[in-house]
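Geometric and topological summary
Residues per chain are reported as follows:
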Amino acid sequence: MYFVTSNVNFAHVKRVMRTRDTRDNTHRCFVFRRSTSIFFIHPYTALPLGTTTHMIEKHFVIEEADPIVFYGPSNANLRMLRALCPKLRIVGRGNVLKVMGNEEDMAEFEEFFTRLEQHCSRHNVLTEETILEIVKGHSGNETQTEADRGIIVYSTGGKPIAPRTENQKRLVEAFQHHDMVFAIGPAGTGKTYVAIALAVKALKNKEARKIILSRPAVEAGEKLGFLPGDMKEKIDPYLQPLYDALQEMIPAAKLQEYLDQNVIQIAPLAFMRGRTLNDAVVILDEAQNTTSMQLKMFLTRMGWNTKMIITGDRTQIDLPPRTVSGLVEAVRLLDGIPGIAMVELTKADIVRHKLVQRIVDAYERQQALREAAAKDGGTAPAQDAPQAETPEDDGQTSKP
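Residues numbered from 1 in each chain as written. Predicted model: local features only at pLDDT ≥ 70, side-chain atom pairs only at ≥ 80, totals over all residues. Heavy atoms only, no water.

Next up on the list: helix α10 (residues 252-260). Note that an α-helix has 3.6 residues per turn; residues three or four places apart therefore point the same way. By the burial criterion, the buried members of α10 are Lys-254, Leu-255 and Tyr-258. Buried residues along α10 cover an arc of 100° about the axis, so they all sit on one side. Turned more than 90 degrees from where α10 packs its buried face, Ala-252 and Asp-260 sit exposed. Following α10 by one or two positions, Asn-262 has its phi on the positive side, about 60°. (Buried < 20%, exposed > 50% of the residue type's maximum accessible area, 1.4 Å probe, protein only. Helix = DSSP H or I, 4+ residues; strand = E, 2+ residues; numbered from the N terminus. Arc of directions from axis to C-beta.)

With that settled, consider the nonpolar core. Core analysis: the biggest nonpolar cluster contains 40 residues, and Ile-196, Leu-246 and Ile-264 have the highest contact counts within it. If one sorts the elements of this core by residue count, helix α8 (residues 191-204) sits on top with 9 residues. When residues no more than four places from it in sequence are discounted, the contact partners of Ile-196 are Leu-213, Leu-242, Ala-245, Leu-246, Met-249 and Ile-283. (Core = buried A, V, L, I, M, F, W, Y, C linked by side-chain atoms within 4.5 Å. Contact = heavy atoms within 4.5 Å.)

On to the packing of helix α3 (residues 76-84) against helix α5 (residues 128-135), then. The angle between the axes and the distance between the axes are what describe a pair of packed helices. Taken N-terminus to C-terminus, the directions of α3 and α5 make an angle of 30°; their axes are 10 Å apart at the nearest point. Comparing the axis directions of α3 and α5 gives the class roughly parallel. For the element pair α3 and α5, the recorded crossing hand is right-handed. Taken together, the residues of α5 that come into contact with α3 (itself represented by Ala-76, Asn-77, Met-80, Leu-81 and Leu-84) are Glu-128, Ile-131, Leu-132 and Val-135. (Axes fitted to C-alpha atoms, helices over the stretch in contact; angles between N-to-C directions. Parallel < 35°, antiparallel > 145°, perpendicular 65-115°, else oblique. Left-handed = near helix turned anticlockwise from the far one by under 90°.)

What follows covers a nonpolar patch on the surface. Together, Leu-355, Ile-359 and Tyr-363 make up a nonpolar patch on the protein surface, roughly 350 Å² of accessible area in all. Overall, Tyr-363 belongs to the exposed group, its relative accessible area being 65%. (Patch = residues over 30% accessible without salt bridge, like charges linked within 9 Å, V, L, I, M, F, W, Y side chains within 5 Å. Areas by Shrake-Rupley, 256 points an atom, 1.4 Å probe, with all protein chains shown as cover. Salt bridge = Lys/Arg side-chain N within 4 Å of Asp/Glu carboxyl O.)

With 14 residues, α8 ought to run about 20 Å at 1.5 Å a step, and its terminal C-alpha atoms sit 20 Å apart, in line with that. Counted residue by residue, α8 has 11 buried out of 14 residues, so it is predominantly covered. Within the sequence span of α8, burial applies to Lys-191, Thr-192, Val-194, Ala-195, Ile-196, Ala-197, Leu-198, Ala-199, Val-200, Ala-202 and Leu-203. Just past α8, the residue Lys-206 takes up positive phi, approximately 60°. (Expected span 1.5 Å × (residues − 1).)

The 6 strands lie next to each other as β11-β10-β12-β13-β9-β14, forming an open sheet whose pairing is parallel. Only two strands of the sheet have a single neighbouring strand rather than two, namely β11 (264-268) and β14 (340-344). For this sheet the average axis-to-axis angle between neighbouring strands, irrespective of direction, equals 15°. Pairing analysis gives 4 bridges linking strand β12 (residues 280-284) to strand β13 (residues 307-312), with the strands arranged parallel. (Pairing = 2+ DSSP bridges.)

Right under this line is the structure:
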């Protein structure tokens, strides 16, 4: 016989205990109430008659991790928890775990739950082997190990995301020691990807309360005209690269929750005027397409406990002719100011397909020839203009 204090709802206990228990194949219990106490008799209980224990029910909310990842495929992780904690009754509903048992077992489970949620939030994956290690206390000091390996965050598949080149490592170190970082380099060097990884890490470690991502809505040499839909649908095509990076680092359900709650905000640069951005990591991507006044406006939005990362590529400016890039001017004006770091990435840092580096090389050589020709007062190389077709040697001569 178990003794239950009156702070447990009688109808709830009766409903729970008459539910089939799949762990030990027992079918029902007999529940009755006398005065202010509730008694129930389990037909196959191992406790001797007359033994009493204080039963409590507690709700554990899965806040940091994605409940789908926490429960595992087909609730495999939930079944593992039930097997490892046979004295507790564990029921998962949405992002809430309802646990019923005695105080001692409940306190032990609470410690396990905290460590499991932290692991799931950090690695974006939770396996039965990991649960077994954490419950048995063999997980070790993961945070120190990750710091030694240079891991920033983990992808949604559980793969570690870490800097792959020396300049990417410099970018990570600059973010740790400066409040404003300029990351400048050619396409494919991981500027935006590393910046968003650093922002996600700060959010998960509670170093920042929100992430704000922005880009100028400038087309790459095309005039798309008026786009259909509401404001969000109009600007989403310009911001898709930011969504792509976030989807690789945050589970879909959790990312949608962050977006709905404005924990992660993605907005075009034009909507930044008048805002003060506090307790946030703010990233401006494609800053080479900002004007001088736009970038000045953006940089002066910085509030307390805020860090900014500005990324851009000087060789891919899509502004109208004779318009000075705000990024080029800001690097010249702000270089050397305490608290601001400048990180230059080169073609050696390109981590995309090997052809990307060869393409960048070819365009850099062409740009060098143009600059040399302009400096000497000559004309640009013939490759700059379309070449006329050479007539075949068919006996005809071209006119002068």
